[in-house]
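In case you want the letters, here they are:
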Amino acid sequence: AALNSIDMEHQLQVMLDRDFSVQSVPIIVANILVGPLLQLMPLFAQCLQATGILVLSGLLEDQVDQIRRCYGGHFVEQQCVVSEGWVRMVWQKS
């Protein structure tokens, strides 16, 4: 954050589930397992601002179709990058 001049107190929030509160945000980055990503889709859709960006990583290649089925109704896929079997997907709220 410091290298990119990001004010941690006002521009970036990192939250564990016990600290989470629903709020409107322009971007969500989630690097977690596919199960929680599937469960959290409604919450991500609720919290992400209109045209906000959602970055999902920590996925395996064979899990991409599951994520597409789950997220496709609320988000538009912008990018899917595979590297050594791991996947990063970028979505925009529709």
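Values in this document were obtained by computation on a predicted structure and should not be read as measured data.

Trainee: Got a minute to help me understand the nonpolar core in this structure?
Mentor: Nonpolar side chains in soluble globular proteins tend to be buried together. Phe44, Leu54, Leu56, Ile67, Tyr71 and Phe75 are the most contacted members of the largest nonpolar core, which has 20 residues in total. Of all the secondary structure elements, the ones that give two or more residues to this core are β1 (25-31), α1 (34-47), β2 (48-60), α2 (64-71) and β4 (86-93). Here this core gets six residues from one element, more than from any other, and that element is α1. Here Tyr71 is in contact with Leu37, Leu40, Met41, Phe44, Leu54, Leu56 and Trp91, once residues within four sequence places are set aside.

Trainee: Just checking my understanding: could you explain the side chain of Ser57 for this structure?
Mentor: Here Ser57 shows up in strand β2. Among residues more than four places away in sequence, those in contact with Ser57 are Ala30, Asn31, Ile32, Leu37, Val87 and Arg88.

Trainee: Mind showing me how you'd approach α2 here?
Mentor: Taken together, the buried positions of α2 are occupied by Val64, Ile67 and Tyr71. Taken around the axis of α2, the buried residues stretch over an arc of 65°, which confines them to a single face. Contact partners of the buried residues in α2: α1, β2, β3 (75-83) and β4.

Trainee: I keep staring at the packing of aromatic side chains and nothing clicks. Help me out?
Mentor: Describing an aromatic ring pair means giving the distance of the ring centres and the angle of the ring planes. Summed over all chains, the structure comprises two aromatic pairs. Centroid distance Tyr71 to Phe75: 5.6 Å. Interplanar angle 40°. Geometry classified as tilted. One exposure class covers both Tyr71 and Phe75, and it is buried. Ring geometry for Tyr71 versus Trp91: centroids 6.0 Å apart, planes at 35°, classification tilted. With Tyr71 in helix α2 and Trp91 in strand β4, this residue pair connects regions lying 20 residues apart in the sequence. Trp91 shares its class with Tyr71; the two are buried. Aromatic ring contacts, followed pair by pair, group Tyr71, Phe75 and Trp91 into a single cluster.

What counts, and where the lines are drawn
- Residues numbered from 1 in each chain as written.
- Predicted model: local features only at pLDDT ≥ 70, side-chain atom pairs only at ≥ 80, totals over all residues.
- Heavy atoms only, no water.
- Core = buried A, V, L, I, M, F, W, Y, C linked by side-chain atoms within 4.5 Å.
- Buried < 20%, exposed > 50% of the residue type's maximum accessible area, 1.4 Å probe, protein only.
- Helix = DSSP H or I, 4+ residues; strand = E, 2+ residues; numbered from the N terminus.
- Contact = heavy atoms within 4.5 Å.
- Arc of directions from axis to C-beta.
- Phe/Tyr/Trp six-rings, centres within 6.5 Å; stacked < 30°, edge-to-face > 60°.

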